[in-house]
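Architecture at a glance
Spelled out from the first residue to the last, the chains are:
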Amino acid sequence: MSAGPASNLLRQPGPPETVPDVDPPKAFDPRFTEAVPPQARLVSLYDQAVFSEGPVWWPARGILVWSDIEGRRVLGWHPDGCVRVVIDAAPFINGNTVDQNGDLIHCEHGNRRLSRTTPDGRSSMVVETFEGRRFNAPNDVACAADGALWFTDPAYGLRLPRQGALAESDLGHYSVYRFDPSTGSVRRMADLGQPNGLAFSPDGCTLYVSDTSRTEGGDGHTILAFPVRKDAGLGEPRAFAEIEPGVPDGFRVDHRGWIWTSSGSGVQVFSAEGGRLGLIPTPQTCSNCCFGPDKRRLFITSGQHLYALDLASD
């Protein structure tokens, strides 16, 4: 895995392209227009990936980073509109986050571990085993306020040869983990059918995790809400929202506590109480989303595409 050279340019600087034949955002609750203006329209920032996932804003580099899992690259969109390769020959990287040191943390399907990339391009392993056995294929990761890295470990990278390497699970379960960088300890926090996306509430007292086992013949298409105890353990979960159509692959929580989740129809938005607020349609199944540095733009990954939608100011 290597950082791409500065000359590895995939898209020239320039304005985004409008997306034709897509419905405008749809409000189911008047509060939705507080965040998404009725005149907001989806634009395309890049359309030559193979399968886009794992978007995150990287402050240290001032770019939007996302994974082209099946293209085996991590890409970067720059504010001037250009797109460059950030990491080439990537080991089927999926989810990404930024830790408290400002480094990128990656979920590697291929190497079945978490890894790190520093702003100057150096890479290293973070964690790859639990109780001496290899993870399945870490999928998504979030950094908690205390610096711990929470991540999901479903089976997808073991079963999809275009996104990993065919293998049996060494663990025999599909779980949510907490890794403490200060001690190197790994805790198994919860088991789900196929744990996928995850994010914390603004106060850190709730961890949301999606179960997408519907894609593996199960019935999970649900975002679960786990209380986070003072000892960093998890309480009993409650079903927060069932997503139709599709599954809640990846999602984000904003400063209001609203959940912005991927689905088969686009980005669905829910209030902190679980009420459906609105929909941002996408031409293809949406895989994930994230916010820009000032929360004024929503970035959306969907198949070959990286989209964006400008949001209202608070």
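Residues numbered from 1 in each chain as written. Predicted model: local features only at pLDDT ≥ 70, side-chain atom pairs only at ≥ 80, totals over all residues. Heavy atoms only, no water.

Under an unreviewed UniProt entry, the name given to the protein chain is Gluconolactonase, and the source organism is Methylobacterium platani.

1. As for the UniProt feature "binding site: a divalent metal cation" (unreviewed entry) in the protein chain
Heads up, the rule is: UniProt positions are given in the numbering used here, feature names are shortened, and annotations may be inferred rather than shown by experiment. For cavity detection a 1 Å grid was placed over the protein atoms alone, and a set of points counts as a cavity when a 1.4 Å probe fits there but cannot get out; an open set counts as a pocket when protein lies on both sides within 12 Å along at least five of seven lines, with lining residues being those that have an atom within 4 Å of a point. Whether a residue is buried, partly exposed or exposed follows from its accessible area with a 1.4 Å probe, protein chains only, as a fraction of its type maximum: under 20%, in between, or over 50%, in that order. We call two residues in contact when some of their heavy atoms are within 4.5 Å. For helices the rule is a DSSP run of H or I covering at least 4 residues; for strands it is a run of E covering at least 2, with both sets numbered from the N terminus onward.
UniProt feature "binding site: a divalent metal cation" (unreviewed entry): in the numbering of this structure it lies at Glu 53, Asn 196 and Asp 249. A stretch of 197 residues holds the annotated residues, and the largest C-alpha distance among them is 12.0 Å, short enough that they meet in one place. The annotated residues that sit in the lining of the second largest pocket are Glu 53, Asn 196 and Asp 249. For Asn 196, a relative accessible area of 4% corresponds to the buried category. Not counting residues up to four positions away in its chain, the partners in contact with Asn 196 are Asn 139, Asp 140, Thr 152, Tyr 156, Ser 210, Thr 212 and Asp 249. Its location among the elements puts Asp 249 in the loop between β23 (238-242) and β24 (251-253). Beyond its immediate sequence surroundings of up to four residues, Asp 249 is in contact with Glu 53, Asn 196, Gly 197, Ser 210, Thr 212, Ser 262 and Ser 287.

2. Let's talk about the environment of Gly 217
Position of Gly 217 relative to the elements: it lies in the loop between β21 (206-211) and β22 (222-227). Residue Gly 217 is classed as exposed on the basis of its relative accessible area, which comes to 73%. Taking C-alpha positions, Gly 217 is 28 Å from Cys 290, a pair spaced 73 residues apart along the chain.

3. Describing the sheet that holds strand β27 (residues 276-281)
The line we're drawing: Two strands qualify as a pair provided that DSSP identifies no fewer than 2 bridges between them.
Ordered in space as β4-β27-β26-β25-β24, the five strands form an open sheet in which the pairing is antiparallel. Since the sheet does not close on itself, it has two edges, and those belong to β4 (26-27) and β24, each with one partner. By the bridge criterion, five bridges tie strand β26 (residues 266-270) to β27 in an arrangement that is antiparallel. Looking at the pairing, Phe 270 lines up with Arg 276 of β27.

4. Some thoughts on the pattern of salt bridges
Threshold: Take a side-chain nitrogen of Lys or Arg and a carboxyl oxygen of Asp or Glu: if they are within 4 Å of each other, that pair is a salt bridge.
Scanning all chains against the criterion turns up 14 salt bridges. A salt bridge links Asp 29 to Arg 31; the nearest nitrogen and oxygen atoms lie 3.1 Å apart. Taking the relative accessible area as the measure of exposure, Asp 29 reaches 18% and is therefore buried. The closest approach of N and O atoms between Glu 244 and Arg 214, which form a salt bridge, is 2.7 Å. Taken together, the residues span a long stretch of sequence, with Glu 244 in the loop between β23 and β24 and Arg 214 in the loop between β21 and β22 at a distance of 30 residues. Using a relative accessible area of 31% as the deciding quantity, one classes Arg 214 as partly exposed.

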